[in-house]
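Architecture and fold: a report
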Amino acid sequence: MAKVYFYYSAMNAGKSTTLLQASYNYIERGMQTLLFAPKIDLRFENTVIYSRIGLKQSATPFDSEFSFLSYVQHQLEHTPNIRCILIDEAHFLKKQQVGELFEIASDLGIAVLCYGLRSDFLGEPFEGSRYLLAWAEEIAEIKTICKCGKKGTMNLRIDKDGQPVTQGAQIQIGGNESYISQCMRCFKKAVPCFKKPLKLETLS
Ligand SMILES: [Zn+2]
């Protein structure tokens, strides 16, 4: 049975490359895929997903009102061989849209592969990732490295001088120049306003 997958990581771990490789694997075996990317991402022509190592493929832009289920049902009328849909920057999905993805997997029999960040530049979870982490049938991490050599799990926003940014809107799209992945220890030093995790009370 088709499932919903969530591949999460910090910035610059190669999510788009992994997405494009997965799509290529389907196409190589004679199956069709559909790719989606948020309209918000204006770094590139918004209908193409690029990876930093040179792969690219056309994508359908989505916003918060977009219905994945209706779109895929419509596409199936012309292209019945769609076996997989792949969503870049899936942290921008709304709860309702994440819900639709399970109908695509279970009712239409199409695998749904989502790629995204867990948290924003202040460590707060994105809506899309919160529900993907809660509901996805398969979850895996795409690992990346902090400057100190530990695993990078947090996303530090930096300004043009490389200094940490600790306030501003949650959504500000940028590539290598605006974000760096850091381990929790380095992130907490750079973002002093990030709350320390609560200590669990010892049960008596
Ligand atoms: Zn570090």
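Above this text is the structure in question.
What this report covers is the structure whose coordinates are included nearby.

About the criteria used
Residues numbered from 1 in each chain as written. Predicted model: local features only at pLDDT ≥ 70, side-chain atom pairs only at ≥ 80, totals over all residues. Heavy atoms only, no water. Donors = N, O, S within 2.8 Å, 3.2 Å for Na, K, Ca; no water. Tetrahedral: all angles 85-135°; square planar, octahedral: opposite > 155°, others 65-115°. Buried < 20%, exposed > 50% of the residue type's maximum accessible area, 1.4 Å probe, protein only. Phe/Tyr/Trp six-rings, centres within 6.5 Å; stacked < 30°, edge-to-face > 60°. Salt bridge = Lys/Arg side-chain N within 4 Å of Asp/Glu carboxyl O. Helix = DSSP H or I, 4+ residues; strand = E, 2+ residues; numbered from the N terminus.

A separate point is the coordination of the zinc ion. Geometrically, a metal with four donors at the corners of a regular tetrahedron has ideal angles of 109.5 degrees, and one with six donors at the corners of a regular octahedron has ideal angles of 90 or 180 degrees. Looking at the metal site, the zinc ion is ligated by Cys146 (SG), Cys148 (SG), Cys183 (SG) and Cys186 (SG), spaced 2.3 Å from it. What the 4 donor atoms of the zinc ion show is an angle range of 102 to 116 degrees at the metal, which sorts the shape as tetrahedral. For the zinc ion, the single-chain donor residues occur in sequence as C-x1-C-x34-C-x2-C. Among the residues examined, cysteine 146 registers a relative accessible area of 4% and is labelled buried. Note on cysteine 148: relative accessible area 41%, which makes it partly exposed.

Following the criterion strictly, the structure yields 13 aromatic pairs and no others. With centroids separated by 6.3 Å and ring planes inclined at 5 degrees, the aromatic side chains of tyrosine 5 and tyrosine 7 adopt a geometry described as stacked. Taken together, a centroid distance of 5.2 Å and an interplanar angle of 55 degrees make the contact between phenylalanine 62 and phenylalanine 68 tilted. For the pair formed by phenylalanine 62 and phenylalanine 68, the shared burial category is buried.

Here the focus is the pattern of salt bridges. Applying the stated criterion to the full structure yields 5 salt bridges. Note that arginine 29 is salt-bridged to glutamate 28, the shortest N-O span being 3.7 Å. Lysine 94 is the salt-bridge partner of glutamate 127, the closest N and O atoms lying 3.7 Å from each other. You can see glutamate 127 sitting in helix 4 (residues 127-135) and its partner lysine 94 sitting in the loop between strand 6 (82-87) and helix 3 (95-108), a full 33 residues away along the chain. Residue glutamate 127 is classed as partly exposed on the basis of its relative accessible area, which comes to 28%. Since its relative accessible area comes to 34%, lysine 94 is described here as partly exposed.

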